[in-house]
Amino acid sequence: MPEKEVIERAHEDAREGKSASTQAGEFVREEIHHVREGKHGASSTKQAIAIGLSKARRAGVKLKAPRRGKASSQVKKHVSRDYRKGQSHTRRKPSARRSRAARTALKREGHAAASHKSLAKQGRSVAQRRGSAARHSSARKAVRTKRRTSKGRSRAAHKGTWSRRTRAAG
């Protein structure tokens, strides 16, 4: 069950007219924190993100299923079930035995899935699949939304140089 403030932040995002993926981001963030603080583990970064998205759908975020060809039929089935659960207001008590089994299985997993390195790797691999035009447009948007002063852009450039240098060294 997601924490109360996570649900409130997602509702606030919805009121502000932000996209469903932004609202769901709150749940993903919470899940990453859970893995980091040792509440449970995750076999991969992808799994941690998937758990967060599932919780978001079940909490009522109108997050659609992946497009055709982007996910297996099994994943689509799970997604549609989560979506229906979130949109219907009939709440049934979750099975204690099943919840315990899931938690125990996740506790056996590692915590590296939520490391900065693995999250960055996941982000880069997803961006790579999107294609150069999409990456270009999102980079342009990032520049637009950055502080509109030359100082803000300069600071960002310095940060980029620094992170590239550390990545090359490490």
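Residues numbered from 1 in each chain as written. Predicted model: local features only at pLDDT ≥ 70, side-chain atom pairs only at ≥ 80, totals over all residues. Heavy atoms only, no water.

(A) Focus on the overall build of the chain. Helix and strand content of the chain: 8 helices and 0 strands. In the chain, the succession of α and β elements from N to C terminus is α-α-α-α-α-α-α-α. Within the chain, residue pairs in contact and separated by at least 24 positions form 59% of the contacts whose partners lie at least 6 positions apart. Within the chain, the 12 negative side-chain charges are centred at a point lying 10 Å from the centre of the 49 positive side-chain charges. (Helix = DSSP H or I, 4+ residues; strand = E, 2+ residues; numbered from the N terminus. Contact = heavy atoms within 4.5 Å. Lys, Arg positive; Asp, Glu negative; His and termini not counted. Charge placed at Lys NZ, Arg CZ, Asp CG, Glu CD.)

(B) Structural context of a negative patch on the surface. A surface patch of negative charge is lined by E3, E5, E8 and E37. Among the structural elements, E8 can be located in helix α1 (residues 4–15). (Patch = residues over 30% accessible without salt bridge, like charges linked within 9 Å, V, L, I, M, F, W, Y side chains within 5 Å. Areas by Shrake-Rupley, 256 points an atom, 1.4 Å probe, with all protein chains shown as cover. Salt bridge = Lys/Arg side-chain N within 4 Å of Asp/Glu carboxyl O.)

(C) Representation of the packing of helix α3 (residues 45–58) against helix α6 (residues 116–130) within the structure. Close contact between α3 and α6 brings their axes to 9 Å; oriented N to C, the two are set at 80°. As judged from the angle between their axes, α3 and α6 are roughly perpendicular. Taking contact as the criterion, the partners of T45, K46 and I49 in α3 are, on α6, S118, L119 and Q122. Its residues assigned to classes, the contact of α3 with α6 shows 2 nonpolar, 3 polar and 1 charged. (Axes fitted to C-alpha atoms, helices over the stretch in contact; angles between N-to-C directions. Parallel < 35°, antiparallel > 145°, perpendicular 65-115°, else oblique. Nonpolar A, V, L, I, M, F, W, Y, C, P; charged D, E, K, R; others polar.)

(D) Expanded view of the pattern of salt bridges. Taken as a whole and judged by the stated rule, the model has 6 salt bridges. When the shortest N-O distance is used, the salt bridge between K18 and D13 registers 3.9 Å. With a relative accessible area of 38%, K18 lands in the partly exposed category. A cluster of three or more residues bridged by salt bridges with shared partners is formed by R9, E26 and R29. (Buried < 20%, exposed > 50% of the residue type's maximum accessible area, 1.4 Å probe, protein only.)

(E) Spatial organisation of the environment of I32. Here I32 is to be found in helix α2 (residues 20–37). Look at I32 and you get buried, because its relative accessible area is 7%. On a C-alpha basis, the gap between I32 and S115 in space is 8.7 Å, while along the polypeptide they are 83 residues apart. Once residues within four sequence positions are removed from consideration, I32 is found in contact with A48, A114 and L119.

(F) Representation of the nonpolar core in the model. In terms of nonpolar packing, the biggest core is built from 9 residues, these being V6, I7, A10, A20, A24, F27, A56, V61 and L63. Elements that contribute at least two residues to this core include exactly α1 and α2. Among all residues touching A20, those that are not within four sequence positions of it are V61, K62 and L63. With 7 residues, the next largest nonpolar core counts V35, A48, A113 and A114 among its residues. (Core = buried A, V, L, I, M, F, W, Y, C linked by side-chain atoms within 4.5 Å.)

(G) View of the side chain of E31. Within the fold, E31 resides in helix α2. Among the residues examined, E31 registers a relative accessible area of 1% and is labelled buried. Discounting residues that sit within four places of it in the chain, E31 has contacts with H40, A48, I51, G52 and K55.

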